[in-house]
Amino acid sequence: MGDPNGLKTLFQGLLSQLSSYTRSRIATGLRVAIEKGGDVSMIYHIVSMLSPRGYYEDLPYPEPTEYYKTYSTAPRIRLPEPLEASGMDLFEAIRSRRSRRRYSRGSLSLSEVSTLLYYSLGVTGRAWWGGPKRAYPSAGALQPLEGYLYADKVEGLDNGIYHYNPGEHSLELLRKGNYSEELQWIALDQEHVGNAAAVIIVTAVYRRTASKYSHRSYRYAHWDTGFAGQNIYLVAEALGLATTAVGAFYDEELCKLLELDCIEEFPMILFPIGRR
Ligand SMILES: Cc1cc2nc3c(=O)[nH]c(=O)nc-3n(C[C@H](O)[C@H](O)[C@H](O)COP(=O)(O)O)c2cc1C
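Conventions and cut-offs
Residues numbered from 1 in each chain as written. Predicted model: local features only at pLDDT ≥ 70, side-chain atom pairs only at ≥ 80, totals over all residues. Heavy atoms only, no water. Helix = DSSP H or I, 4+ residues; strand = E, 2+ residues; numbered from the N terminus. Contact = heavy atoms within 4.5 Å. Pairing = 2+ DSSP bridges. Axes fitted to C-alpha atoms, helices over the stretch in contact; angles between N-to-C directions. Buried < 20%, exposed > 50% of the residue type's maximum accessible area, 1.4 Å probe, protein only. Near = heavy atom within 4 Å. Polar contact = N/O pair within 3.5 Å; in protein donor to acceptor, adjacent residues only side chain to side chain. Areas by Shrake-Rupley, 256 points an atom, 1.4 Å probe, with all protein chains shown as cover. Parallel < 35°, antiparallel > 145°, perpendicular 65-115°, else oblique. Left-handed = near helix turned anticlockwise from the far one by under 90°. Nonpolar A, V, L, I, M, F, W, Y, C, P; charged D, E, K, R; others polar. Salt bridge = Lys/Arg side-chain N within 4 Å of Asp/Glu carboxyl O.

## A short note on the environment of G194
Inspection of the secondary structure assignment puts G194 in helix α7 (residues 191-195). In sequence terms G194 and A135 are 59 residues apart; their C-alpha atoms lie 28 Å from each other. When residues no more than four places from it in sequence are discounted, the contact partners of G194 are S180 and Q184.

Here it is as structure tokens:
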């Protein structure tokens, strides 16, 4: 859809769905994007700003009835209890945390995987209305994030792709197989992704957050991801493991691997994990 007439028709269709307030924000965003040499991110940046001068319309997403997905027919592996303590002080973990990209050939134990998933994305309590509270803070407690694990060298796990069910603290097997090379290619051929013993993939189910925060939701989903991601870094550090955040990946190819549509749910970041 490169032709200007087609784009104009699409754009008119969009504008007809929006309030005059949002339309004026888009106009400002377009002006800034042009001024900045075609930086289209500025359109979203401006549209998603909060302002005392107005508010954008609600989006047509219902309030969530669930805060994590369940693949009910998938074979599941109950994870062992996460470790209660790591032996490393929190302040020390913060100080020594680094992005580590060299992984030995050693495998991870299921207990390490359990500990990483629980303290990053796990359910750690209940809210007053009965919903789950998680190890990461979440805008509106709407908890858009999902976790997937690709296991390459994890004791007790077949190689393959799993979904983390935080309610049961279990892994749901989605697909057996060796996907290290494919994941490395998807991550723009970054070798540390292919060498990892496991890769945690964090995604977001956008409508959970968008049911409340409208056009600001894309920002919120990324903030939530940052908090969960720091948890992964610090737990890996405390366990003496190695990881690095990987934000460079081909989105649609990763969605295909995880069987996601990249709109309702989309990948946010990867964390290859390995032994040092
Ligand atoms: C959002 C985000 C995306 C990143 N993407 C990559 C990546 O694709 N590949 C990589 O090797 N490191 C990636 N990094 C790691 C940064 O390069 C790293 O945090 C930075 O160099 C600072 O080093 P430190 O984490 O050791 O303090 C990413 C970090 C963040 C926060």
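Having seen it, we continue.
## Some words on the sheet that holds strand β5 (residues 160-165)
With antiparallel pairing, seven strands are arranged side by side in an open sheet as β1-β6-β5-β4-β7-β9-β8. At either end of the open sheet lies a strand with only one pairing partner, and these are β1 (76-78) and β8 (241-243). Pairs of neighbouring strands in the sheet enclose a mean axial angle of 30 degrees, with direction left out of account. Bridging between β1 and strand β6 (residues 170-176) involves three bridges; their strand directions are antiparallel.

## So, unusual backbone geometry
At H169, a residue that is not glycine, the phi angle is positive and equals roughly 50 degrees. If you trace the backbone, H169 turns up in the loop between β5 and β6. Note on H169: relative accessible area 12%, which makes it buried. Not every positive phi belongs to a glycine, and S214 is a case in point at roughly 45 degrees. Here S214 lies in the loop between α8 (206-213) and α9 (217-238). Residue S214 is classed as buried on the basis of its relative accessible area of 0%.

## Some thoughts on the site of the ligand
Every residue lining the ligand is accounted for by R97, R98, S99, R101, Q190, H192, Y233, T244, A245, V246, G247 and A248. Contacts to the ligand include R97, whose side-chain N or O atom sits 2.9 Å from an oxygen atom. For the ligand, whose unbound accessible area comes to 620 Å², protein coverage reaches 52%.

## Some words on the packing of α8 against α9
In contact at an axis separation of 9 Å, α8 and α9 are set at 130 degrees when each is read in the N-to-C sense. Judged on the interaxial angle alone, α9 and α8 are oblique. In this structure, α8 crosses over α9, and the sense of that crossing is right-handed. Counting all contacts with α8, which are made through Y206, T209, A210 and Y213, the residues of α9 involved are S217, Y218 and Y220. Residue composition of the contact of α8 with α9, by class: five nonpolar, two polar and no charged.

## Considerations on the pattern of salt bridges
Scanning the model with the defined rule gives eleven salt bridges in all. With its nearest N and O atoms 2.4 Å apart, the salt bridge here joins E172 to R76. Residue E172 is found in strand β6, and its partner R76 is found in strand β1; the two are separated by 96 residues along the sequence. Where E237 meets R100, a salt bridge forms, and the shortest distance between an N and an O atom there is 2.8 Å. On the criterion of sequence distance, the pair formed by E237 in helix α9 and R100 in the loop between α4 (90-96) and α5 (110-121) is long-range, its members being 137 residues apart. Judged by relative accessible area, R100 falls into the partly exposed class, the value being 23%. Salt bridges sharing common partners tie together R76, E168 and E172.

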